[in-house]
Amino acid sequence: MKVQMKKKKYLTGIVAVMAAVTVVWAVAVSLRSGASYVATVHKPGAAIRVGGREMWTSISGTYAAKNIQGMAVVDTYLDVEASLGLRRGQIPYMTVSDIDERACPKETQHIRAVVETLGGGTVEALLDISLDARKKGKFIRTPKGFARVAVGLPVQNGLSQRVYVICVRPDGEVIVMQDTDANPDTVTFNVQAGKAVYAIVTGHKPPLRLLHNNGLYGTML
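The model shown is predicted, which means the values in this text are computed figures rather than measured ones.

Thresholds, definitions, all that
- Numbering of residues starts from 1 in every chain and runs along the sequence as written.
- This being a predicted model, a pLDDT of at least 70 is required before a residue's local features are given, and a value of 80 or more before pairs of side-chain atoms are given or counted; all residues contribute to the totals for chains, interfaces and linings.
- Computation of side-chain values covers all heavy atoms of the structure but excludes hydrogens and water.
- By convention in these notes, a salt bridge is any Lys or Arg side-chain nitrogen within 4 Å of a carboxyl oxygen on Asp or Glu.
- Secondary structure follows DSSP: runs of H or I at least 4 residues long count as helices, runs of E at least 2 residues long count as strands, and numbering of each begins at the N terminus.
- Throughout this description, buried means an accessible area under 20% of the type-specific maximum (1.4 Å probe, protein chains only), exposed means over 50%, and partly exposed covers the range between.
- Two strands qualify as a pair provided that DSSP identifies no fewer than 2 bridges between them.
- Each patch is built from residues lacking any salt bridge and having more than 30% relative accessible area; the joining distance is 9 Å for like charges and 5 Å for nonpolar side chains (Val, Leu, Ile, Met, Phe, Trp, Tyr).
- Method for areas: the Shrake-Rupley scheme with a 1.4 Å probe, in which residue coverage is limited to the protein chains shown.
- Within this scheme the basic residues Lys and Arg register as positive and the acidic residues Asp and Glu register as negative, but His and the chain ends are omitted.
- Charged groups are reduced to one reference atom each: NZ for lysine, CZ for arginine, CG for aspartic acid, CD for glutamic acid.
- Any two residues whose heavy atoms approach within 4.5 Å are treated as being in contact.
- Using only the protein atoms, space was sampled on a 1 Å grid; points where a 1.4 Å probe fits but cannot get out form cavities, open sets with protein on both sides within 12 Å along at least five of seven lines form pockets, and lining residues are those with an atom within 4 Å of a point.
- Grid points are joined across faces, edges and corners, and a volume is the space filled by probe spheres set on the points.
- Three classes are used: nonpolar for Ala, Val, Leu, Ile, Met, Phe, Trp, Tyr, Cys and Pro, charged for Asp, Glu, Lys and Arg, and polar for all others, with Gly counted as polar.

Draft legend 1. Local environment of the pattern of salt bridges. Tallied over the full model, the rule gives 4 salt bridges. Of the charged contacts in the structure, one is a salt bridge between Arg148 and Asp75, with a shortest N-O distance of 3.1 Å. Residue Arg148 is located in strand S10 (residues 146–152), and its partner Asp75 is located in the loop between strand S6 (71–73) and helix H2 (77–84); the two are separated by 73 residues in the primary sequence. For Arg148, a relative accessible area of 33% puts it in the partly exposed group.

Have a look at this one:
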């Protein structure tokens, strides 16, 4: 999904974009058929190829995203457990799937608006990610915390400083995160507790003056 810069003026300021983004997200996930697109359940310590390199994910999860080259939680199990504030018997769990933009045009339209406001670029992948907990098979909501993940870029980029991630939470809050690793084939960022939509973007580096304008974009992570 390519978002080109327009010759006309930007949208009327960051506030206009945020007004468009503040919606209740009802994300439709379209999974491709066929044996090559079966969700994989990983246990802690499972080896996963991420951006052509073998890595080990620290927590359990269900991975059904094929528009990226692997994904692993790189924070330690204990760090994730502490960040989420889990109690005895509760285990952290992550669910990842692709989003088909044709199945959720309104949501992807909001992502496009934010990318355009940040200077344009290409949305390489759209992901629906949930970070929560389980206890004896039951779902437990986690209202706070995060887990650091490494995601293999779907294409060779070569300019890691130009990769960033847009997180849009269900309440409309937008968090823009820069890549925190030095590997040009991966992007590393914090997945927030709960459910959110994440867009992996290549292109212009997000201008800090826009990221912090009126505090609308929250904290850079």
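Here the narrative resumes, following the displayed structure.
Draft legend 2. Representation of the pairing of strand S8 (residues 121–135). S8 sits mainly inside the fold: 12 of its 15 residues count as buried. Of the pairings in the sheet, the one linking strand S7 (residues 91–98) to S8 comprises 8 bridges and is antiparallel in character. What sits directly across from Ile91, in S8, is Arg134. Pairing geometry for S8 and strand S14 (residues 194–203), over 10 bridges, is antiparallel. Its bridge partner lying in S14, Gly121 is registered against Gly203. Note that S8 and strand S9 (residues 138–140) share 3 bridges and pair antiparallel. Opposite Lys135, over in S9, you have Lys138 as the bridge partner. The loop that links S8 with its antiparallel partner S9 comprises 2 residues; one of these, Lys136, has a positive phi angle of about 55°.

Draft legend 3. The arrangement of a positive patch on the surface in detail. Taken together, the side chains of Arg87, Lys135, Lys136 and Lys138 define a basic patch exposed on the protein surface. Tracing the chain through its elements places Lys138 in strand S9. Residue class for Lys138 comes out exposed when judged on its relative accessible area of 62%.

Draft legend 4. Inspection of unusual backbone geometry at higher detail. A positive phi angle, near 55°, is found at Lys136, a position not held by glycine. Assessed through its relative accessible area of 82%, Lys136 is described here as exposed.

Draft legend 5. Layout of the side chain of Ser60. Relative to the elements of secondary structure, Ser60 occurs in strand S5 (residues 60–64). A relative accessible area of 14% places Ser60 in the buried class. Residues contacting Ser60, with those up to four places away along its chain left out, are His42, Lys43, Pro44, Pro92, Tyr93 and Met94.

Draft legend 6. Region of the structure containing the layout of surface pockets. Taken as a whole, the second largest pocket encloses approximately 240 Å³ of empty space. Forming the walls of the second largest pocket are 14 residues, and the residues nearest its centre are Arg141, Pro170, Ala193, Gly194 and Lys195. Residue assignment for the lining of the second largest pocket shows that the elements contributing at least two residues are S8 and S14. By residue number, the principal contributor to the lining of the second largest pocket is S8, which donates 3 residues. A per-class count over the lining of the second largest pocket returns 4 nonpolar, 4 polar and 6 charged.

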